[in-house]
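Now for the letters of each chain:
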Amino acid sequence: AGAGGDEGVRGRGGDEMYTPLGVVSGSMTLRDASSQSYAMLEDMEGENPHHEGFNFRHALSELAEYSAENPDFAAGVGIWMMVGFTLLIAGLILFLFSEIKAVLVCRDQDFRKSLVDAGYMSPSAAGIADLEMRESRSMIPRPYLSVGGMMVIYLGLSCILYPICDILDIIDLPAVPCILLITVGSFFASFCIITFWLFVVWSCTRPWAALAFLIISLSGNLLLPTGSPVLVVIWMVIAFGGGYFYFKYIPEQYALNGDERPAWVQDVGDYTISLDPGEWGDAASVSYQSTVDDVMRGMPTEASSLLAGAGLG
């Protein structure tokens, strides 16, 4: 058997016998063959860290090892997450406060309109004009509060997703488009969150408009996580194209034709923000005074009188 690496084992009669893999000297040994077979099985099961494709378990192992060697990394991720969730909750509270207030004003206006249509109240009844003027003025801060809350939500989600860049770098995945991923991903995620809460808030007052928000939010939650460019484009057509068609184009067509809008064509108000600093100050002043008035109305008469006497009412 030791005469040559390429010759088989000869029997007593000189006939060449079958040589098993790895037994012949000069070829691979049985241990080498077993190791190679085991490595192939590991590759098939995704256990081999040197496999050419992405290995999820190996990535987790590298991340855990890096975190153990660098305790500051885990602390940094925790800080980013804490800041992100704090901003997310604060932005959501600000946004919901503004929208719920708008819903309450809208419901009061709808109730008065129903009374007028039923003949129970005159449009020029005493105090109606003054009430409508106060309601209109109380809605001045609404675009700034709602849009400001949306921006804070977006900022919070960006902080939550920011550690992904470092994680991609640790597990040796391409991190070049990471900033793009955070920017676009946070925008789409915040858009879906905002439209969902718009559905919740406006569902009792403007059900058709709320249904449009729900379709946008649900379609985004279904299509965006796939990462497919085709499905992302389909969602953008649904969200932006459909939203423009329903909330902008259809109402304008009815207004141009002078026709009354059908019941299924609804809106939730205007979100236009002025670039005039003077209007910003007016919105802030109205918002502050409106908040003080709401607090005073919710207090007992004695407490309200004391605050008013102190110059706070």
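Bear in mind the structure is a predicted one, so any value in this text is a computation, not a measurement. (Residues numbered from 1 in each chain as written. Predicted model: local features only at pLDDT ≥ 70, side-chain atom pairs only at ≥ 80, totals over all residues. Heavy atoms only, no water.)

A. Fine view of the packing of aromatic side chains. Enumeration according to the criterion identifies 13 aromatic pairs in this entry. Measuring from ring centre to ring centre gives 6.1 Å for Phe187 and Phe191, while their planes differ by 40°; the resulting arrangement is tilted. Within this pair, Phe187 and its partner Phe191 are both found in helix H7 (residues 178–202), separated by four residues, close to a single helical turn. For Phe187, a relative accessible area of 37% gives the class partly exposed. Accessibility expressed as a relative area gives 22% for Phe191, which makes it partly exposed. One aromatic cluster in this structure is built from Phe187, Phe188, Phe191, Trp235 and Phe240. Taking NZ or CZ as reference, Arg142 lies 4.4 Å from the ring centre of Tyr271, over its face. (Phe/Tyr/Trp six-rings, centres within 6.5 Å; stacked < 30°, edge-to-face > 60°. Helix = DSSP H or I, 4+ residues; strand = E, 2+ residues; numbered from the N terminus. Buried < 20%, exposed > 50% of the residue type's maximum accessible area, 1.4 Å probe, protein only. Lys NZ or Arg CZ within 6 Å of the ring centre and 35° of its normal.)

B. How the structure looks around helix H5 (residues 142–161). In this model H5 runs 29 Å from its N-terminal to its C-terminal C-alpha over 20 residues, within 8% of the 28 Å that 1.5 Å per residue would give. For H5, the full list of buried residues reads Arg142, Pro143, Ser146, Val147, Gly149, Ile153, Gly156, Leu157, Ser158, Cys159 and Ile160. Structurally, H5 contributes buried residues whose contacts are with helix H3 (71–118), helix H6 (163–170) and H7. (Expected span 1.5 Å × (residues − 1). Contact = heavy atoms within 4.5 Å.)

C. Structural view of a nonpolar patch on the surface. Together, Trp208, Leu211, Ile215, Val230, Ile234, Ile238 and Trp264 make up a nonpolar patch on the protein surface, roughly 640 Å² of accessible area in all. Sorting the residues of the nonpolar patch by element identifies helix H8 (207–223) and helix H9 (229–257) as the ones contributing at least two each. On the secondary structure map, Ile238 appears in helix H9. The exposure class of Ile238 is partly exposed, given its relative accessible area of 32%. (Patch = residues over 30% accessible without salt bridge, like charges linked within 9 Å, V, L, I, M, F, W, Y side chains within 5 Å. Areas by Shrake-Rupley, 256 points an atom, 1.4 Å probe, with all protein chains shown as cover. Salt bridge = Lys/Arg side-chain N within 4 Å of Asp/Glu carboxyl O.)

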